[in-house]
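Fold and geometry: a report
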Amino acid sequence: MKKILSTLVVFFLSLSFTMADNYHDKLVKLIELENSSFGEKTVTSQLSDMLMKRDSLTADEAQKRATTFWNEKMMPSIVNIMEKHYRQNITEKQLDDILAFMNTKEGKTALEHTMNAINEEHISKMQEQLMPIIMALFQGQEPPAIQLTASEAYKGKFAKMVKKSGAQNSVKNTLATTMDMIKGQMFANLDDEAKTMATNLINRLTTYVSDNITDICLLMMEDDVTETDLDLLNNFYDTPSGEAYVTGNAAAVEDITTNIIQMLMQEIGMPK
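Residues numbered from 1 in each chain as written. Predicted model: local features only at pLDDT ≥ 70, side-chain atom pairs only at ≥ 80, totals over all residues. Heavy atoms only, no water.

**A few points about the overall build of the chain**
- From N to C terminus, the chain includes 12 helices and zero strands.
- Reading the chain from its N terminus to its C terminus gives the helix and strand order α-α-α-α-α-α-α-α-α-α-α-α.
- About 15800 Å² of surface is accessible on the chain, with carbon and sulfur atoms providing 57% of the total. (Helix = DSSP H or I, 4+ residues; strand = E, 2+ residues; numbered from the N terminus. Areas by Shrake-Rupley, 256 points an atom, 1.4 Å probe, with all protein chains shown as cover.)

**Section: the nonpolar core**
- Residues Leu 30, Met 74, Met 82, Tyr 86, Ile 146, Phe 158 and Tyr 245 are the most contacted members of the largest nonpolar core, which totals 63 residues.
- Not counting the four nearest positions on each side in its chain, Met 74 is found in contact with Val 43, Phe 69, Ile 260 and Met 263. (Core = buried A, V, L, I, M, F, W, Y, C linked by side-chain atoms within 4.5 Å. Buried < 20%, exposed > 50% of the residue type's maximum accessible area, 1.4 Å probe, protein only. Contact = heavy atoms within 4.5 Å.)

**Details of the packing of aromatic side chains**
- Tallied over the entire structure, the rule returns four aromatic pairs.
- Measuring from centroid to centroid gives 4.2 Å for Phe 101 and Phe 236, while their planes differ by 0 degrees, and the two rings are stacked. Of this pair, Phe 101 sits in helix α4 (residues 92-103) while Phe 236 sits in helix α11 (residues 227-237), and the two are 135 residues apart along the sequence. Like Phe 236, Phe 101 is buried.
- Three or more aromatic residues joined by ring pairs form one cluster here, namely Phe 101, Phe 236, Tyr 237 and Tyr 245. (Phe/Tyr/Trp six-rings, centres within 6.5 Å; stacked < 30°, edge-to-face > 60°.)

**Observations concerning the side chain of Thr 114**
- Following the sequence through the fold, Thr 114 ends up in helix α5 (residues 105-116).
- Given a relative accessible area of 19%, Thr 114 falls into the buried group.
- Apart from residues lying up to four places away in sequence, Thr 114 is in contact with Met 221 and Val 225.

**Focus: the pattern of salt bridges**
- Applying the stated criterion to the full structure yields 10 salt bridges.
- For Arg 87, the salt bridge goes to Glu 83, with nearest N and O atoms at 2.8 Å. Linking Arg 87 with Glu 83, this pair stays in helix α3 (residues 59-89), spanning four residues, or about one helical turn.
- A residue is classified by how much of its surface remains accessible, and Glu 83, at 13% relative accessible area, is buried.
- Through salt bridges with shared partners, a single network forms among Lys 26, Glu 92 and Asp 96. (Salt bridge = Lys/Arg side-chain N within 4 Å of Asp/Glu carboxyl O.)

**So, the packing of α4 against α5**
- Viewed as axis vectors pointing N to C, α4 and α5 meet at an angle of 80 degrees, and their least axial separation amounts to 4 Å. The pairing of α4 with α5 is recorded here as roughly perpendicular in orientation. On α5, the residues that touch Phe 101, Met 102 and Asn 103 of α4 are Lys 105, Gly 107, Lys 108 and Leu 111. (Axes fitted to C-alpha atoms, helices over the stretch in contact; angles between N-to-C directions. Parallel < 35°, antiparallel > 145°, perpendicular 65-115°, else oblique.)

**Section: the environment of Ser 45**
- With respect to the helices and strands, Ser 45 occurs in helix α2 (residues 38-55).
- Between the alpha carbons of Ser 45 and Ala 66 there is a distance of 7.7 Å; along the sequence they are 21 residues apart.
- Not counting residues up to four positions away in its chain, the partners in contact with Ser 45 are Glu 40 and Glu 120.

**A short note on helix α10 (residues 213-221)**
- Most of α10 sits out of view: eight of its nine residues are buried.
- For α10, the set of buried residues is Ile 213, Thr 214, Ile 216, Cys 217, Leu 218, Leu 219, Met 220 and Met 221.

**Describing α11**
- Within α11, burial applies to Asp 229, Leu 230, Leu 233, Asn 234, Phe 236 and Tyr 237. Down the axis of α11, the smallest arc covering the buried residues is 160 degrees, so these residues share one side. Facing away from the buried side of α11, by more than 90 degrees, are the exposed residues Thr 228 and Asn 235.
- In the core, the buried residues of α11 are packed alongside α4, α5, α7 (152-165) and α12 (240-267). (Arc of directions from axis to C-beta.)

**Some points on the confidence of the model for the chain**
- Averaged over every residue, the pLDDT of the chain is 80; residues scoring 70 or more account for 85%.
- Within the chain, α11 carries the highest mean pLDDT (95), whereas helix α1 (residues 2-35) carries the lowest (59).
- Taken as a whole, residues 1-20 scores under 50 in pLDDT and shows one contact with residues more than four places along the chain or in a different chain. (pLDDT = per-residue confidence, 0-100.)

**Thoughts on the packing of α7 against α11**
- Across the interface, α7 lies against α11 with an axial gap of 9 Å and an inter-helix angle of 35 degrees. As α7 packs across α11, the resulting crossing turns out to be left-handed. Between α7, through Tyr 154, Lys 157, Phe 158, Lys 160, Met 161, Lys 164 and Ser 165, and α11, the contact on the second element is made entirely by Glu 227, Leu 230, Asp 231, Leu 233, Asn 234 and Tyr 237. (Left-handed = near helix turned anticlockwise from the far one by under 90°.)

Take a look at the structure:
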């Protein structure tokens, strides 16, 4: 009898731990769906380039080290941070709803289009258009307008999506955190006059990006994200689970940004 009771206790304990881990496993699946291979390719490619220049590594050596950094440091850190904020803001049922949406044919298509829209080609397109704007801001001049080709109907739906998704606030918070850390690096060896000039430039850039974030995002995404995608995403963000998803992401963004930038700086040998 005691043996049977002991077996049952072990069984129910193992069952309870399995149930407790369900949320974590589902979150990992969601992160994998959202990032696919884009995040890994982007981070490891840029990091390996920096490591090759700094440490005179071969391409294979640098790529291996960058991939190890992604798998063993960066992704576990992202998962831990997201889990902390998701558990506070998203129920397991809502997480199920989010996963179900992401796994639909339409949801996967919208996600794929969104990921395609932030590839290297589109980032280059954005940088090409933003360079004259940055130069104008640097010189204290009025920046030229961003050139967009989307229809007014598309722009309206896109602006709605940016607002509902929380992307506007997320980008602002990420930018502010990043700029604060950049200032810490830039200002280390500057005199007071140079610090003032650098501060003014950073403030102008931050204000411009904050004021024009919708158009900047649209510049990258208008060629790939369709109106059907926008309708689908806007409808999702209108649901309770979609709203919880936005809240959970917003809570995690600043935490992730700060930690990941610090990890990257440490990996490439820059002081925090």
